[in-house]
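# Descriptive structure summary
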Amino acid sequence: MKRFDRFRLDTTNHCLWRGDERVPLAPKAFDLLRYLVEHADRLVTQEEILEALWTDTFVSHEVVKKYVLGIRKVLGDRPDKPTFIRTIPRRGYQFVAPVTDEARTSVAPALAAPGSIVDRRAARGRLEGCFELARGGERQIVFVTGSAGVGKTTLVDLFLQHAGRRPDVRIARGQCLEGFGGQEAYYPMLEAVGQLVRAEDDGRLIRTLGKQAPTWLMQFPSFVRVDEREALQREILGTTRERMVREICEALEAITADQSLVLVLEDLHWADPSTLDVVSALARRRGPSRLLLLATRRPAVAVHRSGLSRLHQDLVVHQLCQEIRLEAFRPPEVSEYLALEFDHAAFAADLAGPIHRHSGGKPLFVSAIVRDLVTSGVIVREGGAWTLTAPVERIEPGVPESLQQMLNVQFDQLTEGEQSVLRRASVVGQRFSTWALGDGKEADAAGVDDVCEGLAERRLFIRPACIGELADGTVSAHYEFHHSLYHQAVYRRLSEVSRSKLHRSIGERLEPLFAPGTPALAAELALHFEKAHDYGRAVRYLMRAADNAAQRFAVRDSLDVLQHAFGLLPRLPLQQRFELEVQILERIGDAHYVLGAMVESAAAFETESALAAEAGDTAVEVQAQSCLARPLGLLDPDRAIAVLQEAAAASARLHDPAGQARVDMLAAGTRLLYDTWRAGDARTCAAAQAIHQRSADRQPPGFDRMVYAHVQSLQGDCAAALETASVGVPKRHETRGAMMHLWALSGQIQALLQLGRFGEALRIIRTSREMAEKNGSDPWLFLYREAWLRTLAMDFPGAQRLCEELMRCSSVYPTGQAKTIGRLAAGYEALDQGRADEARRCFEDIRDPAETPRFFLHWYWRIQAQVGLALAWLRAPHTANARVEAERLSEAALSTADPNLQALAWETRARVAMAEADWSDAEQSIAQAAAAVTRSDTPISAWRVHGAAWDLCRKTGRDEAAAGHRARALTHISALVNSFEPDEPLRLTFLGAPAVRRIREEAFVTEA
Ligand SMILES: Nc1ncnc2c1ncn2[C@@H]1O[C@H](COP(=O)(O)OP(=O)(O)OP(=O)(O)O)[C@@H](O)[C@H]1O
Ligand SMILES: [Mg+2]
């Protein structure tokens, strides 16, 4: 905000103020004035002005001159004796008035021009009282209620003018919009937060948001440096609605720690459900906050908005909010209004009675009637004073019954041009840009601007709102209807046909502005096309709007929008319907999946698949089945496998090699992960990968690739697995990629575990767990991976604790996996403690298909249990049984492609052979084990293999070779330990495990 003389230049809202009055200024004139003021210390040449303000168009010096003239007129400046702008002939201009910078934060944004305002002392007094409490750190939630036009907004404006004068007060304002606004999650909150951020110069607020509310900062990509976006992106992945709500509460608390904030939410009766969540959360939080949340609302307007009524009621009952109920003016207030409006003319008191009677005291009607009296010449200004042209007693009958009638009369008196502009404006909405009303031609644009300016000057129907930027950066003047009833009055006059035509025309005018950077436009466009009966386009934009909501983690709102779109489908011609229906269903399935509603997710994909089958569209059917397999993987792996089998078969009919490769990879990969290892499936995956690589630039990575990353590390191809998984970490701000990301993390962790890079795996697990906790989402996947890591690091009690936690807390997913891993850890713990029988029972349970259902990698855990079982028999000691189990183990492990499992199987067999004193078998087994670890270069089984080789060499009297193996075992042990952070307790756990101690401390004896 710049101040000079009596003027304030509000660079945030692009407007000029003279005292409390907003001065109308065309956009370019404002820009020019701003440029001059911002360079007030020097001469600004005409070339510089042209370059700065007319970058893309050629205009002559004359145009600049014309604008300067206009500005001077507005400022009341004289060229011969300039107070503000001095002309330096043939060179340029200099702004000569002293300019001061005013703290931007102390100014209320976009206040309405106050005019003659009746001071609602009692209501304002209560507001001031609440404000004082808020300033003292006691948060205040205040609802200003009352019927349409009773003066809620006016009261808030009046209060803000006073509050805004204090130096340490921030003000932010969000407007809830009727219609599409209710479909845009957090619409008013984002407007308010955007205002706050834009009003700050020093970046402090951006830093606060970055720290406290990254999910909100991410909604304003232009405030985030490109290099920071990716980190922020990672930080917010998988965010839930709860997290977004909590974060904005925390951020507002941080912002109000040292400075008061008045947050105004206008017309809360039109708010989206997410915004109501924020209001509810803000009201219920306990910590100190210098926040005054001021919400205006009408009494319940429709049944489906009863969410607000319930919230309001609940907050009242719990004394968490204040309500200031506004009533219509009483006669003395009407009199006060008239006195203010007409310079205390003597007739004010007399006229108050009739006007009060006819308006019911409703301020909106009072002011409309007064305006009407002036327009119709009943009240006139003569010789500088207001007078009545008829006696008061005779005035009464001229006043129309209803506002609509009165406005109709006013409207009919306008020129055709004015009427046409207002009609179009009423279709755009309560607030509109003059740009939207034009038809794209320069002359027309100027004409619309002039008409709006003229209407606003005469205070007819509209008033200036601000100079604002459109989605594509074009600056345009914005106006708004005096009141929503004025807006509706004009809109209601339109016939159904012209409404529909105008909505289409406005929709098409706005459509080119729609781009990835202007997501909010989607809901608005959807509304226009729906009203234009262009349901196909409406549905398409609704889907975009649903995507926006999902990107704001308001997945439930996204579902609402999708259901609305779904409801429009029957109005579409059949041939258009199918394509949109399947797209909507797919989004619905995704949304349910993200919410963890697996059954509903599967149902949506199933419907999609059935629809596609009916239509004979195999490509869509295959796509739907591929999606369906995801929720089924958790609900019923066998069905997931069967569905993918069908998809793969169907896909063969499509003659699309890349598409076929995707489905094949998904089907074969799912079988490998959820059923059993088959070499044929592994080959199918590899062949599909080769096809993907050839068409890499045309095909974005799909979910199939994340499945493949897991397959790769199970083949010992861990470096490649890491690479495959890394493409699943989304680079862009995408919620629909959340599942991909989850699987990508899982793939990365699994590869790191296989590589023995425990520390890195643990870091990913920990950050992801923290993130899930922040998001209030279930961290099941990371608990499983940590249990896996703890098993490998021989922290068996730790692994069991995690599995118990999983079984206790996870209500969504089947618990077979947790039970199995927990049981395995219990078996190994018993083995370490010499309780071989107990250990054996644990391992036998795992092998039993009745005890262990199918789940992700169930066969891997069964083979691990098989290792344990052979060792348990060795400890029993029962060498014969150990041999039987070792043979079974070899068979199972060698049927996989996992070098770790194979090395473990050979190593176990070598130990059994040593117990049998079958030195030749032992030698051969060790050689095979060594070959397996060499192939995969992994320390997780290598240390064990060299440990066994050390034992064998000592037993066979080859001391030198024994020492070599021991040294190598120790090297691998060190590599594992050193992969952890220096202070990680798991280091000591691993080093203290009996099998490790035996190697490290030669004197340490175990029974192995
Ligand atoms: N205190 C006041 N003094 C003078 N005029 C007023 C006052 N309050 C309201 N008005 C007149 O009534 C009109 C409507 O008031 P306002 O917009 O504040 O109503 P509202 O309660 O916010 O309505 P809505 O529920 O539709 O938002 C104003 O434009 C103004 O002309
Ligand atoms: Mg209002």
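Each remark here, short or long, concerns the structure printed above.
Residues numbered from 1 in each chain as written. Chains lettered and ligands numbered in written order. Predicted model: local features only at pLDDT ≥ 70, side-chain atom pairs only at ≥ 80, totals over all residues. Heavy atoms only, no water.

Another aspect to go through is the overall build of the protein. Looking only at helices and strands, the protein features 47 helices and 18 strands. In the protein, which comprises 1008 residues, the share counted as buried stands at 57%. For the protein, the proportion of contacts with a sequence separation of at least 24, taken over those separated by at least 6, is 66%. Surface accessibility of the protein: about 42,300 Å² in total, with carbon and sulfur atoms responsible for 52%. Put simply, the protein has 123 plus and 133 minus side-chain charges, and the middle of one group is 2 Å from the middle of the other. (Helix = DSSP H or I, 4+ residues; strand = E, 2+ residues; numbered from the N terminus. Buried < 20%, exposed > 50% of the residue type's maximum accessible area, 1.4 Å probe, protein only. Contact = heavy atoms within 4.5 Å. Areas by Shrake-Rupley, 256 points an atom, 1.4 Å probe, with all protein chains shown as cover. Lys, Arg positive; Asp, Glu negative; His and termini not counted. Charge placed at Lys NZ, Arg CZ, Asp CG, Glu CD.)

In the structure shown here, the tally under the stated rule is 28 aromatic pairs. Taking the centre distance of 5.5 Å and the plane angle of 90° together, the rings of Phe131 and Phe159 count as edge-to-face. Linking Phe131 in helix H4 (residues 121-135) with Phe159 in helix H5 (residues 152-163), this pair joins segments that are 28 residues apart in sequence. Of the two residues, Phe131 and Phe159, both sit in the buried class. Centroid distance Trp788 to Trp861: 5.4 Å. Interplanar angle 70°. Geometry classified as edge-to-face. In this pair, Trp788 sits in helix H36 (residues 780-792) while Trp861 sits in helix H40 (residues 858-875), placing the two residues 73 residues apart along the sequence. (Phe/Tyr/Trp six-rings, centres within 6.5 Å; stacked < 30°, edge-to-face > 60°.)

Take the side chain of Ser768 next. Within the secondary structure, Ser768 is located in helix H35 (residues 758-775). A polar contact is formed between the side chain of Ser768 and the backbone oxygen of Ile764, at a distance of 2.7 Å. (Polar contact = N/O pair within 3.5 Å; in protein donor to acceptor, adjacent residues only side chain to side chain.)

Here we come to helix H11 (residues 273-284). With twelve residues, H11 should cover 16 Å at 1.5 Å per step; its first-to-last C-alpha distance of 17 Å lies within 8% of that length. Where burial is concerned, most of H11 is hidden: nine out of the twelve residues are buried. Taken together, the buried positions of H11 are occupied by Ser274, Thr275, Leu276, Val278, Val279, Ser280, Ala281, Leu282 and Ala283. (Expected span 1.5 Å × (residues − 1).)

With that settled, the discussion passes to the pattern of salt bridges. Within the structure shown, the criterion is met by 60 salt bridges. The partner of Glu579 in a salt bridge is Arg540, and the shortest N-O contact between them spans 3.7 Å. Pair noted here: Glu579 is in helix H26 (residues 574-595) and Arg540 is in helix H24 (residues 535-551), with a separation of 39 residues, a long-range link. Look at the salt bridges and you will find they share partners, linking Asp638, Arg671, Asp675, Arg678, Asp681 and Arg854 into a network. (Salt bridge = Lys/Arg side-chain N within 4 Å of Asp/Glu carboxyl O.)

With that settled, consider the side chain of Thr896. Note that Thr896 resides in the loop between helix H41 (879-894) and helix H42 (899-915). Within polar-contact distance, the side chain of Thr896 engages the backbone oxygen of Ala893 at 2.7 Å. Here Thr896 is in contact with Trp677, Trp859, Ile863, Leu901 and Gln902, once residues within four sequence places are set aside.

This part takes up the site of ligand 1. Surveying the vicinity of ligand 1 reveals 20 residues, the closest of which are Lys152, Thr153, Thr154, Arg298 and His483. Contacts to ligand 1 include Val118, whose backbone N or O atom sits 2.9 Å from a nitrogen atom. In the model, an oxygen atom of ligand 1 is placed 2.8 Å from a nitrogen or oxygen of the Gly149 main chain. Computed on the free molecule, ligand 1 has an accessible area of 620 Å², of which 93% lies beneath the protein chains in the complex. Only H5 and helix H15 (363-375) provide two or more residues apiece to the shell around ligand 1. Per-class residue counts for the shell around ligand 1 are eight nonpolar, nine polar and three charged. (Near = heavy atom within 4 Å. Nonpolar A, V, L, I, M, F, W, Y, C, P; charged D, E, K, R; others polar.)

On to the sheet that holds strand S7 (residues 92-95). Ordered by their spatial adjacency, three strands build an open sheet running S5-S7-S6, and the pairing between neighbours is antiparallel. Each edge of the open sheet carries a strand with a single partner, namely strand S5 (44-45) and strand S6 (85-88). In terms of strand pairing, S5 meets S7 through two bridges, oriented antiparallel. The residue bridging Thr45 from the neighbouring strand is Gly92, located in S7. (Pairing = 2+ DSSP bridges.)

Here we take up unusual backbone geometry. Residue Ala876 is joined to Pro877 through a cis peptide bond whose omega torsion reads -10°. As for its position among the elements, Pro877 is in the loop between H40 and H41. Unlike most non-glycine residues, Leu857 shows phi in positive territory, near 60°. With respect to the secondary-structure elements, Leu857 resides in the loop between helix H39 (836-847) and H40.

This part covers the pairing of strand S15 (residues 385-388). Where strand S14 (residues 379-382) lies against S15, four bridges are found, and the strand directions are antiparallel. Within S15, the residue paired with Glu382 across the bridge is Ala385. Here S14 folds back onto S15 in antiparallel fashion, the turn holding two residues, of which Gly383 has a positive phi close to 55°.

Quick look at the packing of helix H14 (residues 347-359) against H15 now. Look at H14 against H15: their axes get within 9 Å of each other, and the N-to-C directions meet at 120°. One element, H14, and the other, H15, form an angle in the oblique class. Helix-helix and strand crossings are classified by hand; for H14 and H15 the assignment is right-handed. Here H14 contributes Leu351, Ile355, His358 and Ser359 to the contact with H15, which in turn contributes Phe365, Val366, Ile369, Val370 and Leu373. Here the contact of H14 with H15 is built from residues that sort into seven nonpolar, two polar and no charged. (Axes fitted to C-alpha atoms, helices over the stretch in contact; angles between N-to-C directions. Parallel < 35°, antiparallel > 145°, perpendicular 65-115°, else oblique. Left-handed = near helix turned anticlockwise from the far one by under 90°.)

Spanning 17 residues, H24 covers 24 Å between terminal C-alpha atoms, matching the ideal 24 Å at 1.5 Å per step. Within H24, 13 of the 17 residues are buried, leaving the element largely enclosed by the surrounding structure.

Side chains Gly92 and Gln94 of S7 all project onto a buried face; the interleaved residues Tyr93 and Phe95 project onto the opposite face, where all are buried too. The sheet contact formed by S6 and S7 spans four bridges and is antiparallel. Of the residues in S7, the one forming a bridge with Ile88 is Gly92. Counted between consecutive antiparallel strands, the loop separating S6 from S7 contains three residues, among which Arg90 sits at a positive phi close to 60°.

Next up on the list: the sheet that holds strand S2 (residues 7-10). As summarised here, the arrangement of the five strands in space is S4-S3-S2-S1-S8, forming an open sheet in which the pairing is antiparallel. The two strands at the open ends of the sheet, each matched to only one other strand, are strand S4 (21-23) and strand S8 (100-101). Sheet analysis places strand S1 (residues 2-4) next to S8, joined by two bridges and oriented antiparallel. What sits directly across from Lys2, in S8, is Asp101.

With that out of the way, let us pick up the state of the cysteines. In this structure the tally under the stated criterion is zero disulfides. Counting only cysteine sulfurs, Cys321 is the nearest neighbor of Cys130, a cysteine outside any disulfide, at a range of 10 Å. (Disulfide = S-S within 2.5 Å.)

Following the sequence through the fold, Met665 ends up in helix H30 (residues 657-674). Distance from Met665 to Ala686, taken between C-alpha atoms, is 8.1 Å for residues 21 residues apart in sequence. Beyond its immediate sequence surroundings of up to four residues, Met665 is in contact with Thr670, Cys685, Ala688, Gln689, His692, Asp704, Arg705 and Tyr708.

Okay, the environment of Ser289 next. Relative to the elements of secondary structure, Ser289 occurs in the loop between H11 and strand S12 (291-297). Accessibility expressed as a relative area gives 3% for Ser289, which makes it buried. Setting aside chain neighbours within four positions, we find Ser289 in contact with Ala134, Gly137, Glu138, Arg139, Glu253 and Thr256.

Let us now look at the environment of Asp898. Within the element layout of this structure, Asp898 appears in the loop between H41 and H42. Taking relative accessible area as the criterion, Asp898 reaches 0% and is therefore assigned buried. In this structure, the C-alpha to C-alpha distance between Asp898 and Leu714, residues 184 residues apart in sequence, is 5.1 Å. Among the polar contacts listed, one links the side chain of Asp898 to the backbone nitrogen of Asn900, at a separation of 2.9 Å.

The next point concerns the packing of helix H1 (residues 27-38) against helix H3 (residues 61-75). Here H1 crosses H3 at 85°, and the two axes come no closer than 10 Å. The angle between H1 and H3 falls in the class roughly perpendicular. From H1, Lys28, Ala29, Leu32 and Leu33 reach across to H3, where they touch Val64, Tyr67, Val68, Ile71 and Leu75. Of the residues assigned to the contact of H1 with H3, the class counts are eight nonpolar, no polar and one charged.

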